[in-house]
Each structure stands twice: as structure tokens, then as C-alpha cells.
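Working through the structure, step by step
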Amino acid sequence: MIDWPTTAPAIGAAFLASLVEVVEAFTIVLVVATLRGWRPAVLGTGAALATLGAIVVVLGPVLNRVPLNLLQLVIGVLLLLFGIGRLRKAALRAAGVIALHDEDAIFAEETAELRAAVKRQKSSQDWIAGIAAFKAVLLEGLEVIFVVIAVGAGRGLLWPASLGAVAACVLVLALGAIARHPLARVPENTLKFGVGVMLSAFGVFWTGEGLGVDWPGHDLALFVFAAVFLAAGLVSARLVRRPAREAAQ
């Protein structure tokens, strides 16, 4: 029997967080494929995935040797900092203080940068494009691995969290293959808002467990923490937006 109250938050958090990262990586890979063809894009992506796989193989045995309470405490604090940072930026974007993330604009900017890098070489160099794809997939993939480990390690939820991350990858690749265009219509700031809420909630939960706190309701406390962070983010966005409107008037 699957314990859905425990596994569902892990799957959802890993899925949403991975979805944001995969969309950003896909935009760069699409730039490479558009300018230099699919060969350097695929080679760079494959090399990055192989590197990520090696990192996972190395980290697995290491995590099993770390005391559970220490693992929960360290990951909880890091996850809380990561989640609050995401939530803060999403709230500022929702308030109009920071510009919204535009995949079309990023696509155009990355295209111009890659063209300039290629022109600086005396001959056509596909390896420059391959490195761009490699770097994008590796950096975004490292964040996905961090989220999966943070959400699932120590509680037997690594497989559910990994399933959520894989589902996000499959979804983005499927939509990207159909559209062959940056996924600009994905409500990325809304996703980041949700990711910030869920990761912050997991951060508080894990930090408390690492310190030996027995949360009332156990895993159900995650939903309470998520509701608190959601309310805090929405209220913060509203408070920041109000002075901006008054200044405009």
C-alpha cells in the first residue's frame, strides 16, 4: 500500500521544482540546436546527464553513512534557505518589483551570446555550442538532484521524489518536441511561487525532525507549513505592490 499523505507531497515538490529547472535547461539546449544543429545539443546534454548520473552513484553510498538526524538537519536548513529565496523572488515578481521570467527573451539573449561566441572563433566550433548545452543541463540538473535528495533522503522517499523529477523531464521534453519553441506559456512564476512554498515547508519540517521535534499530525504538518508560507508570500506580494501603485499615482 502506498502512503499517499507521505508520498504525494514528495512527488509534488520534486515535480514542480524539477519542472522549473528543466524548462530553463531546455531553453538553452533549444538555442544550441537552433544555431548549431542537434548534434552538439545532444552530445552536450548526454555528457551532462552522464556526469549527473556519476554524481548520484557517488552520493548514494555517502548519504547512507550519515546519521539520520544530522542529514535531516543539514538538508532542512539548506532546503529552507533555498525555498525562502525562491518564494521571495516569486513574491517580488508577482508584485511587479522584479520583471517576470520570459523564456522568449532568454532564448533571444542566449542566441545572441552563442552567436557572438562562435564568431569570435576563426573556424566553426560546434564544441562551443556543446559546452553551452552541457553547462545548462549540468547546473539545472544539480538543482534537481538537490531537491530530490532533500525531499526524499532519510525517509524512504527517494524513489517517489525521483519519480516526480522524471515525470517533469518527460513532460517538458514531450511539450518541447511538439512545440519546438521555448515554453514561454508555462506559468513559470506561479510554479516558482509554489516551489518556494513547498520547499520552505519541507525545510521547516526537516529541520524540526533533525532537532528531534515531534510534529503534531506528523507528515500532515507539511500542509500546515505550506499554508503558512503561501499566506506569507501572498501577503508580502500585496504589501510590496501597494506602495508601488501609490508612487505611480
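This brings us to the nonpolar core. By size, the foremost hydrophobic cluster in this structure holds 59 residues, and its most contacted members are V151, F202 and F205. Elements with a contribution of two residues or more to this core: helix 1 (4-36), helix 2 (38-65), helix 3 (68-94), helix 5 (126-152), helix 6 (158-179), helix 7 (188-210) and helix 8 (221-248). Counting residues per element, this core draws most heavily on helix 1, which supplies 14 residues. Setting aside residues up to four positions removed in sequence, F202 forms contacts with P9, A10, A13, L79, V151 and L222.

What follows covers the packing of aromatic side chains. Enumeration over the complete set of coordinates arrives at 3 aromatic pairs. Judged by centre distance (6.5 Å) and plane angle (25 degrees), the ring pair of F205 and W215 falls under stacked. Here F205 is found in helix 7, whereas its partner W215 is found in the loop between helix 7 and helix 8, with 10 residues between them in sequence. When sorted by exposure, F205 lands in the same class as W215, which is buried.

With that settled, the discussion passes to the pattern of salt bridges. With the rule as written, the count across this model stands at 3 salt bridges. E21 is the salt-bridge partner of R86, the closest N and O atoms lying 2.3 Å from each other. Of the two residues, R86 is situated in helix 3 and E21 in helix 1; the sequence distance between them amounts to 65 residues. Note on accessibility: R86 and E21 belong to one class, buried.

A few words now on a nonpolar patch on the surface. Nonpolar side chains collect at one region of the surface, where L70, V74, V77, L78 and L81 lie side by side and expose about 430 Å² of accessible area between them. One can find L70 in helix 3.

A word on the side chain of K192. Inspection of the secondary structure puts K192 in helix 7. Within polar-contact distance, the side chain of K192 engages the side chain of E24 at 3.1 Å.

Here we take up the packing of helix 3 against helix 5. As a packed pair, helix 3 and helix 5 sit with axes 10 Å apart at the nearest point and diverge in direction by 125 degrees. The angle between helix 3 and helix 5 falls in the class oblique. Taken as a pair, helix 3 and helix 5 cross one another with a handedness that is left-handed. Residues I75, L78, L79, F82 and R86 of helix 3 pack against E143, F146, V147, I149 and A150 of helix 5. Its residues assigned to classes, the contact of helix 3 with helix 5 shows 8 nonpolar, no polar and 2 charged.

The next subject is helix 3. An α-helical turn contains 3.6 residues, so a residue and the one three or four places further along point in the same direction. The terminal C-alpha atoms of helix 3 lie 37 Å apart, and with 27 residues this matches the ideal 39 Å at 1.5 Å per residue to within 8%. L71, Q72, I75, G76, L79, G83, R86, L87, A90, A91, L92 and R93 are the residues of helix 3 that are buried. Remark: G96 follows helix 3 within two positions and exhibits a positive phi of approximately 85 degrees.

A separate point is the environment of F229. Looking at where F229 falls in the secondary structure, it is placed in helix 8. On a C-alpha basis, the gap between F229 and A201 in space is 7.1 Å, while along the polypeptide they are 28 residues apart. Not counting residues up to four positions away in its chain, the partners in contact with F229 are L80, I84, L87, V197, S200, A201 and V204.

Conventions we followed
Residues numbered from 1 in each chain as written. Predicted model: local features only at pLDDT ≥ 70, side-chain atom pairs only at ≥ 80, totals over all residues. Heavy atoms only, no water. Core = buried A, V, L, I, M, F, W, Y, C linked by side-chain atoms within 4.5 Å. Buried < 20%, exposed > 50% of the residue type's maximum accessible area, 1.4 Å probe, protein only. Helix = DSSP H or I, 4+ residues; strand = E, 2+ residues; numbered from the N terminus. Contact = heavy atoms within 4.5 Å. Phe/Tyr/Trp six-rings, centres within 6.5 Å; stacked < 30°, edge-to-face > 60°. Salt bridge = Lys/Arg side-chain N within 4 Å of Asp/Glu carboxyl O. Patch = residues over 30% accessible without salt bridge, like charges linked within 9 Å, V, L, I, M, F, W, Y side chains within 5 Å. Areas by Shrake-Rupley, 256 points an atom, 1.4 Å probe, with all protein chains shown as cover. Polar contact = N/O pair within 3.5 Å; in protein donor to acceptor, adjacent residues only side chain to side chain. Axes fitted to C-alpha atoms, helices over the stretch in contact; angles between N-to-C directions. Parallel < 35°, antiparallel > 145°, perpendicular 65-115°, else oblique. Left-handed = near helix turned anticlockwise from the far one by under 90°. Nonpolar A, V, L, I, M, F, W, Y, C, P; charged D, E, K, R; others polar. Expected span 1.5 Å × (residues − 1).

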